[in-house]
Amino acid sequence: MTVQELPGAGASHRSTPPPAWRPRTDAAALLPDAEPYRVLGTAAADGLDPALMRRCYAELVRGRRYNAQATALTKQGRLAVYPSTVGQEACEIAAALVLEERDWLFPSYRDTLAAVARGLDPVQALTLLRGDWHTGYDPREHRIAPLCTPLATQLPHAVGVAHAARLRGDDVVALAMIGDGGTSEGDFHEALNFAAVWQAPVVFLVQNNGFAISVPLAKQTAAPSLAHKAVGYGMPGRLVDGNDIAAVHEVLAEAVRRARAGGGPTLIEAVTYRMEAHTNADDATRYRGDAEVEAWKAHDPIALLERELTARGILDEEAVETARADAEEMAAALREGMNADPVLDPMDLFAHVYAEQTGQLREQAAMLRAELEAEDQA
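About the criteria used
- Residue indices begin from 1 for each chain and proceed along its sequence in written order.
- Only residues with pLDDT of at least 70 get local features here, since the model is predicted, and only at 80 or more are side-chain atom pairs given and counted; chain-wide, interface and lining totals rely on the full set of residues.
- Working from all heavy atoms in the structure, the side-chain values ignore hydrogens and water.
- As a rule, the C-alpha atoms of each element are fitted with a line to give its axis, helices using only the stretch in contact, and angles between N-to-C directions run from 0 to 180 degrees.
- A helix here means a DSSP run of H or I that spans at least four residues, while a strand means a run of E at least two residues long, and both kinds are numbered starting from the N terminus.
- It is the rotation of the near helix from the far one that decides the hand of a crossing: anticlockwise by less than a right angle makes it left-handed, clockwise makes it right-handed.
- Residue contacts follow a heavy-atom distance rule, with two residues in contact if any of their heavy atoms lie within 4.5 Å.
- Under the convention adopted here, Pro, Cys and the residues Ala, Val, Leu, Ile, Met, Phe, Trp and Tyr are nonpolar, Asp, Glu, Lys and Arg are charged, and Gly plus all remaining residues are polar.
- Definition of nonpolar core: a set of buried residues of the types Ala, Val, Leu, Ile, Met, Phe, Trp, Tyr and Cys, connected through side-chain atoms within 4.5 Å.
- Here's how the labels work: a residue is buried when its accessible area is under 20% of the maximum for its type, exposed when over 50%, partly exposed in between, all with a 1.4 Å probe on protein chains only.
- The pLDDT value tells you how sure the predictor is about a given residue, anywhere from 0 up to 100.
- Side-chain atoms alone can form a polar contact between residues adjacent in sequence; in general such a contact is a pair of N or O atoms within 3.5 Å, and within protein one must be able to donate a hydrogen while the other accepts it.
- Residue count minus one, scaled by 1.5 Å, sets the expected span of a helix.
- Picture the helix axis, draw a direction to every C-beta atom, and the arc is the one those directions span.

For the pair helix α3 (residues 89–97) and helix α9 (residues 245–260), the least separation of the axes is 9 Å and the interaxial angle reads 35°. Classified by chirality, the crossing of α9 by α3 is right-handed. Packed against α3, whose contacting residues are Ala90, Cys91, Ile93, Ala94, Ala95 and Leu97, the element α9 presents Ile245, Val248, His249 and Leu252 at the interface. Each residue belonging to the contact of α3 with α9 can be placed in one class, and the counts come to 9 nonpolar, 1 polar and no charged.

Next comes the structure, spelled out in structure tokens:
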């Protein structure tokens, strides 16, 4: 049965919507570029800010050393698990550097480096992954939400904080980080829809590292790019080379400025690659080959920036050595902090679960307290 054959259709049928209907936004203006935006190695690099790029380089070197040290700590039994960001450091560092102190960062479990680059102590950043505490820092003090282990659940929270700030008249932007696997979760879509409808000052950064653990992107979505998903929600999508820190910083900074000025949210897809396994518990050789990894090593974010800055006379050997020395100091402090045995209180299991403990929690806490007191008396 066609529409024309439906009862009552007749002459009243319209082949198009009535004249009152029209698109809310111009879709063309929201579409991402066909290719990831790049700065390094292009004419756009003529406008690089030398001071900013030297800082980016130092943070990249520090971040690579942080990743190596955290991975070593898992082998020593000091960390239960660690999701490495080797190869993704440009996204992590740029996300931290574009935010003002008053802004909020909403990281996923893989984004400890972004938290460290924002100023968080590396030991505190790893406390959750060590299994010592709900989170190792005060989110309000650092304006960093707790590291989020469930995929994408931090995104609606980011929208809520951003929307609340807008309602209060606070000049605050929220930046939410997620991997390509997280875009397959319902929370991702709900967050984008609410953000666009409310015009919330939030920026979504998707680090597309190619795999959701072992599932390649092609088995998650048939979209031209993840950035294209922005159009369906009425926000601009941007596609950027995630290993080009100058490009990532520029695109993120533009999105943050737009959000702060009342322009609403932006979805940014940074195309990058996870050089190491999903975590230390993963065997990446089961789903990808060495040749693929080696090809991406030629697009290493540190090498890309170092080559550009050296050629332009912005970076010299002294600056390189200083960055490496600072990174080693950070790694030494991280080792010392993680090698100290934590003092744990089992009763903390019941703290910070609810604002007011439920009857069931109080009952469970009383049972544990009785068991601990019995052990002390034995």
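To continue, consider the nonpolar core. If you look at the biggest cluster of nonpolar residues, it comprises 67 residues, and the most contacted ones within it are Tyr57, Tyr66, Leu126, Leu175, Val203, Leu252 and Leu305. A per-element tally of this core places α9 first, with 10 residues. With sequence-adjacent residues up to four places away left out, Val203 is seen in contact with Val173, Ala174, Leu175, Ala176, Leu252, Ala255, Val256, Ala259, Thr266 and Ile268. One finds Val159, Ala165, Leu192 and Leu267 within the second-largest nonpolar core, a separate group that totals 27 residues.

The next subject is α3. Of all the 9 residues making up α3, 9 are buried; the element is thus mostly covered by neighbouring parts of the structure. Along α3, the residues classified as buried are Glu89, Ala90, Cys91, Glu92, Ile93, Ala94, Ala95, Ala96 and Leu97.

Taken as a whole, the protein chain shows an average pLDDT of 93; of its residues, 94% reach a score of 70 or greater. Considering only residues more than four positions removed or in separate chains, one finds that residues 1–7, a stretch of pLDDT under 50, has 6 contacts.

A separate point is the side chain of Arg274. Mapped onto the fold, Arg274 is located in the loop between β7 (266–271) and α10 (290–297). The exposure class of Arg274 is buried, given its relative accessible area of 1%. At 2.9 Å, the side chain of Arg274 forms a polar contact with the backbone oxygen of Glu276. Once residues within four sequence positions are removed from consideration, Arg274 is found in contact with Ser84, Val86, Gln88, Arg110, Asn209, Phe211, Ile213, Asp282, Ala284, Tyr287 and Arg288.

Attention now moves to helix α8 (residues 186–198). End to end, α8 covers 18 Å across 13 residues, agreeing with the expected 18 Å (1.5 Å per residue, within 8%). All of the buried residues in α8 are Phe188, Ala191, Leu192, Ala195 and Ala196. With its buried residues spanning 120° around the axis, α8 presents them on a single face. Summarising the contacts, the buried residues of α8 are in contact with α7 (154–168), β2 (174–179), β3 (202–208) and β7. Immediately beyond the C-terminal end of α8, within one or two residues, lies Gln199, with a positive phi of roughly 55°.

The subject of this paragraph is unusual backbone geometry. One non-glycine residue, Gln199, adopts positive backbone phi at about 55°. With respect to the helices and strands, the residue Gln199 is situated in the loop between α8 and β3. Among the residues examined, Gln199 registers a relative accessible area of 29% and is labelled partly exposed. Look at His352: it is not a glycine, yet its phi comes out positive at around 65°. Among the secondary structure elements, His352 is positioned in the loop between α12 (317–339) and α13 (359–377).

The next subject is the packing of helix α2 (residues 50–75) against α12. Between α2 and α12, whose axes approach to 8 Å, the crossing angle comes to 30°. Of the two elements, α2 crosses α12, and the hand of that crossing is right-handed. Between α2 and α12, the residues in contact are Tyr57, Ala58, Val61, Arg62, Arg65, Tyr66, Gln69 and Leu73 and Val320, Ala323, Arg324, Ala327, Glu328, Met330, Ala331, Leu334, Arg335 and Met338, respectively. Considering only residue class, the contact of α2 with α12 consists of 12 nonpolar, 1 polar and 5 charged.

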